[in-house]
Amino acid sequence: MKLALRTIRTDEDPILRKKSRTVEKFDDRLKTLIEDMYETMDEAQGVGLAAPQIGILKRLIVIDDNADTRTVLINPEIVEKDGSEVSYEACLSVPEKQGEVERATHIIVDYVDADNNKKQMEATDMLARILQHEIDHLNGILYTDIAKNVYVVTAEEKEE
Ligand code: ZN
């Protein structure tokens, strides 16, 4: 299978503001899209990527929190959330910025996998934050909409 890097949409691209549609077809095209999203996320060194960020309005996210949890979540729904913490976030679609965002510290997410099997994921802290950020993308919400503060990060301040 030939993998393809997809272009990450940024800034004022109106597609980032649209609500994504429920995935209903679990076919080879979906599997190719998932592989492309993994590839694009890895290349950008992201910890998560939502389909609308590559211009596809489908309810599908991939995450990679560097703890062996590279996973695709299709049609994810947060069914439980509690706790609250303000911490830093950044987004591949909002380059050279970061902000402080309040998120739940513990969530439970229902979703289906690439073969439409029902799954559930319980997440805390950083992983919970990543999931809430990516699921917001499916509803056209960027972290900058809900951040307490947004800062410009210059290239020199960025970690290599
Ligand atoms: Zn993002």
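Residues numbered from 1 in each chain as written. Predicted model: local features only at pLDDT ≥ 70, side-chain atom pairs only at ≥ 80, totals over all residues. Heavy atoms only, no water.

Draft legend 1. Spotlight on the overall build of the protein chain. Helix and strand content of the protein chain: 3 helices and 8 strands. Listed N to C, the secondary structure of the protein chain is α-β-β-β-β-β-β-β-α-α-β in terms of helices and strands. Scaling as 2.2 N^0.38, a compact globule of 160 residues should have a C-alpha radius of gyration of about 15 Å, and the protein chain matches this with 15 Å. Seen through its C-alpha atoms, the protein chain measures out along the principal axes to roughly 40 × 35 × 30 Å. Within the protein chain, residue pairs in contact and separated by at least 24 positions form 66% of the contacts whose partners lie at least 6 positions apart. As displayed, the protein chain has an accessible area near 9,100 Å², and 43% of this comes from carbon and sulfur atoms. (Helix = DSSP H or I, 4+ residues; strand = E, 2+ residues; numbered from the N terminus. Rg over C-alpha atoms; globule rule 2.2 N^0.38 Å. Contact = heavy atoms within 4.5 Å. Areas by Shrake-Rupley, 256 points an atom, 1.4 Å probe, with all protein chains shown as cover.)

Draft legend 2. Quick look at the coordination of the zinc ion. Donor atoms from the polypeptide that coordinate the zinc ion comprise Cys91 (SG), His133 (NE2) and His137 (NE2), at 2.1 to 2.2 Å from the metal. When the donors of the zinc ion are listed by position in the chain, the intervening gaps give C-x41-H-x3-H. Of this pair, Cys91 sits in strand E4 (residues 85-91) while His137 sits in helix H2 (residues 125-138), placing them 46 residues apart in sequence. The exposure class of Cys91 is buried, given its relative accessible area of 9%. (Donors = N, O, S within 2.8 Å, 3.2 Å for Na, K, Ca; no water. Buried < 20%, exposed > 50% of the residue type's maximum accessible area, 1.4 Å probe, protein only.)

Draft legend 3. Structural detail: the pattern of salt bridges. One pass over the structure, following the stated rule, counts 10 salt bridges. When the shortest N-O distance is used, the salt bridge between Asp145 and Arg17 registers 2.6 Å. Taken together, the positions of Asp145 in helix H3 (residues 143-146) and Arg17 in the segment before helix H1 (28-43) put the pair 128 residues apart, joining distant regions of the chain. With a relative accessible area of 41%, Asp145 lands in the partly exposed category. Residue Arg17 is classed as partly exposed on the basis of its relative accessible area, which comes to 43%. Arg103 serves as the salt-bridge partner of Asp136, at 2.9 Å between the closest nitrogen and oxygen. Pair noted here: Asp136 is in helix H2 and Arg103 is in strand E5 (residues 94-103), with a separation of 33 residues, a long-range link. (Salt bridge = Lys/Arg side-chain N within 4 Å of Asp/Glu carboxyl O.)

Draft legend 4. Structural detail: the sheet that holds strand E3 (residues 71-82). Strand order in the open sheet formed by 5 strands is E1-E2-E3-E6-E7, with antiparallel pairing between adjacent strands. The open sheet terminates on both sides in strands that have one partner only, identified here as strand E1 (48-50) and strand E7 (118-124). Going from strand to strand, the sheet's axes swing by 40° on average, the running direction of each strand aside. Lying over the sheet, H1 contacts E1, strand E2 (60-63) and E3, oriented at roughly 40° with respect to E2. (Pairing = 2+ DSSP bridges. Axes fitted to C-alpha atoms, helices over the stretch in contact; angles between N-to-C directions.)

Draft legend 5. Just the sheet that holds E5, in detail. Ordered in space as E4-E5-E8, the 3 strands form an open sheet in which the pairing is antiparallel. On the outer flanks of this sheet lie E4 and strand E8 (149-152), each paired with one strand and no other. Here the average twist between neighbouring strands, direction ignored, is 25°. Two strands pair when backbone bridges link them, and E4 and E5 are joined in this way by 6 bridges, in the antiparallel orientation. Bridge assignment links Glu89 to a residue of E5, and that residue is Gly99. Each of E4 and E5 is contacted by H2, which is oriented at about 55° to E4, the strand it contacts most.

Draft legend 6. Here's a closer look at the pairing of E5. Hairpin connection between E4 and E5: a loop of 2 residues separates the two successive antiparallel strands. When E5 meets E8, the two strands line up antiparallel, connected through 4 bridges. Across the sheet, Lys97 pairs through a bridge with Val152, a residue of E8.

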